[in-house]
Amino acid sequence: VNNPLLLVLTLWFEYFFLGVILAFCWVYIRKFQSRQESEVVSTITAICALAIALITSALLPVDIFLVSFMKHPNGTYKEWAANNETRGQIEDTVLYGYYTLYSIILFCVFLWIPFVYFYYEERDDDNVNKCSQVKNALKYTVGFVIVCVVLLLIGAFVPLEAPPGQNSTQWEKVQYLFEELGSSHGLPALSFSISTLTLIGMLAVITYTAYGMSVLPLNLIKGTRSVAYERLENTEDIDDVEHQIEKLKTKCKDGRPLSSRDRNNLQELEGKLQVLQRRGRHLEIAERNCCTKVGSALRPFKILLGIFFILVALLFTVALFISNLDKALHSAGISSGFIVFGTNLTNPLNELLLALQPVFPLDYILITVITMYFVVTSMAGIRNMGIWFFWIRLYKIRPKKTRPQALLFLCMILLLIVLHTSYMIYSLAPQYVMYGSQKYLVQMPSAGPTSGNATFGTTRICDADAPEDQCTVTRSYLFLHKFWFFSTIYYFGNWAFIAFLIGLVVSCCRGKKSVIEGEVEADDSDLSDDEYVH
């Protein structure tokens, strides 16, 4: 902290990290954004929301690193962290970092994104001016704000400790609630709101992330179909449709009108012909595209990467199953949120992280990779599935053809998924997420008849049996277990996540994707091809 060079390097690293995230978000949004329907406000909103999601996901590895960095490998505190007050300040800084980012997520989910979404929806009416657009968008956004206020009020007055006894007056009970609110500075209100959003994020993880963990590696392994073969097949389809059209048109050469059934068939065939012709143009462009040739050259690397992702998915599934089984067998039960102190069953991922501790910074790199893996697979799941509301498909996510509303939905779903990611990673490696790589000293009596009362110090990895002043718990763990009933729901959500990984079987049954997957649909206009032609 007192080293000026270290401070400068830290600041430059933060700026570089932020720049990389913003650059990635800009490229990602521009890749899928429709060129015909793009708007500055919705684009900036989507980029900022996606950046906030990625920055928030990076906070857990930082939290684990800071509690681990306070101690030496021999279990003693470093000189700058020997004071309890100094450690408390660092812990509070991390906690306020969580609350700051989570407050921004609340602002995005309940105000910013809904306002921009409804503002853009009002543009469809040509008779509405700017003032009316803003007014109507605010009117619809008020509903989201009311929900947010209700959640904050519920969280503010939910007692975390035992309330006054039965003999207390009503005024004493009300006074107790306000004293609780004042002593905690309203932080439980924010925690309750974020935990409620995390429940929605859990549903998104169960659907999109579970599907993405299966479809991403299998798409890498299977690859795409041959462009030349697709062009040949498309040409044959065009000839077949043109033949059917000519056959129908010969029926009216003598002046007789076509029947209603033939007219409908003719209209369907002409629409199908237009789609096939546009598909042929896209395939021709893809065949000349250098990215297609580079992708073919990187085919062995993609297969290896896909196999690696499958192994990671299997490791996560096994670790999550063992962690949930441990909670089912050894936790205090449903009323405690299935909290289990320590690990009673061997968790492979937790053991791997603990084994990597001696080689700095491999364990921090691995926990960062795990966090980013969840984000990447979630993005892949949303990309392949689209935006759904129960059984109704609202929007498709397609390269250069995604509507602004769909991008706003995508970013909102990612924000919710990131909230639940911390609990997922805690479930995968509970002991490591709780204490990081901390160790503590234990005085053991010396063996032998001449040792007397002599003792020697030995180091142990921090767990639930460690003295409270010797091991610092991460702020993420405390935040996740603030309300026991949310932890209970998250526990059952993990079982549902394991069950939904059956999407792996569904993905295996599907064939190879087209090299122009998602670029051509029947409901596209011919004008949408302009951006591909140039």
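If you're wondering where the values come from, they're calculated on a predicted model, not measured in any experiment.

J.: What exactly am I supposed to notice about the nonpolar core here?
T.: A general tendency of soluble globular proteins is for nonpolar side chains to be buried together. Of all hydrophobic cores here, the largest spans 108 residues; its most connected members are Phe-316, Ile-382, Leu-415 and Phe-497. If you tally residues by element for this core, the top one is helix H14 (residues 404-428), at 18 residues. Not counting chain neighbours up to four residues away, the residues in contact with Phe-316 comprise Met-213, Leu-349, Ile-370, Tyr-373, Phe-374 and Leu-428.

J.: Just checking my understanding: could you explain H14 for this structure?
T.: Residues spaced three or four apart along an α-helix point in a common direction, a consequence of the helix completing one turn every 3.6 residues. Helix length check: H14 (25 residues) gives 35 Å between terminal C-alpha atoms against 36 Å at 1.5 Å per residue, within 8%. Largest kink in H14: about 30°, centred on His-420. Judged by how many residues are buried, H14 sits mostly within the fold: 24 of 25 residues are covered.

J.: Just to check I follow, could you spell out the side chain of Ser-378 for this structure?
T.: Following the sequence through the fold, Ser-378 ends up in helix H13 (residues 362-385). Classification of Ser-378 as buried rests on a relative accessible area of 0%. Residue contacts for Ser-378: discarding those within four places in its chain leaves Tyr-208, Thr-209, Leu-414 and Ile-417.

J.: Looking at this structure, how should I read the packing of H14 against helix H17 (residues 484-500)?
T.: When two helices pack together, their arrangement is given by the angle between their axes and by how far apart the axes lie. Between H14 and H17, the shortest axis-to-axis distance is 11 Å and the interhelical angle comes to 75°. Judged by the angle between their axes, H14 and H17 are roughly perpendicular. Packed against H14, whose contacting residues are His-420, Tyr-423, Met-424 and Ser-427, the element H17 presents Ser-487, Tyr-490, Tyr-491, Asn-494 and Phe-497 at the interface. When grouped by side-chain class, the residues that make up the contact of H14 with H17 number five nonpolar, four polar and no charged.

J.: Even after reading the chapter, I still don't get the environment of Ala-429, so can you show me in this structure?
T.: Secondary-structure assignment places Ala-429 in the loop between H14 and helix H15 (430-435). For the pair Ala-429 and Leu-353, spaced 76 residues apart in the sequence, the C-alpha separation amounts to 8.0 Å. If sequence neighbours within four positions are ignored, Ala-429 has contacts with Asn-350 and Leu-353.

J.: Before we go on, may I ask you to explain helix H12 (residues 348-355) in this structure?
T.: Every buried residue of H12 is listed here: Leu-349, Asn-350, Leu-353 and Leu-354. Seen along its axis, H12 keeps its buried residues to an arc of 135°; they face one direction.

J.: Before we go on, may I ask you to explain the pairing of strand E2 (residues 392-395) in this structure?
T.: On any regular strand, side chains alternate: one points to one face of the sheet, the next to the other face. Bridge count for strand E1 (residues 387-389) against E2 is three bridges, and the pairing is antiparallel. Residue Phe-389 lies in a different strand from E2, and its bridge partner there is Ile-392. Where E1 hands over to E2, the hairpin turn is made up of two residues, of which Phe-390 adopts a positive phi near 55°.

Rules and cut-offs
Residues numbered from 1 in each chain as written. Predicted model: local features only at pLDDT ≥ 70, side-chain atom pairs only at ≥ 80, totals over all residues. Heavy atoms only, no water. Core = buried A, V, L, I, M, F, W, Y, C linked by side-chain atoms within 4.5 Å. Buried < 20%, exposed > 50% of the residue type's maximum accessible area, 1.4 Å probe, protein only. Helix = DSSP H or I, 4+ residues; strand = E, 2+ residues; numbered from the N terminus. Contact = heavy atoms within 4.5 Å. Expected span 1.5 Å × (residues − 1). Bend = angle between axes of the 7 residues up to and from the residue. Axes fitted to C-alpha atoms, helices over the stretch in contact; angles between N-to-C directions. Parallel < 35°, antiparallel > 145°, perpendicular 65-115°, else oblique. Nonpolar A, V, L, I, M, F, W, Y, C, P; charged D, E, K, R; others polar. Arc of directions from axis to C-beta. Pairing = 2+ DSSP bridges.

Remember, this is a structural readout, not a statement about activity or role.
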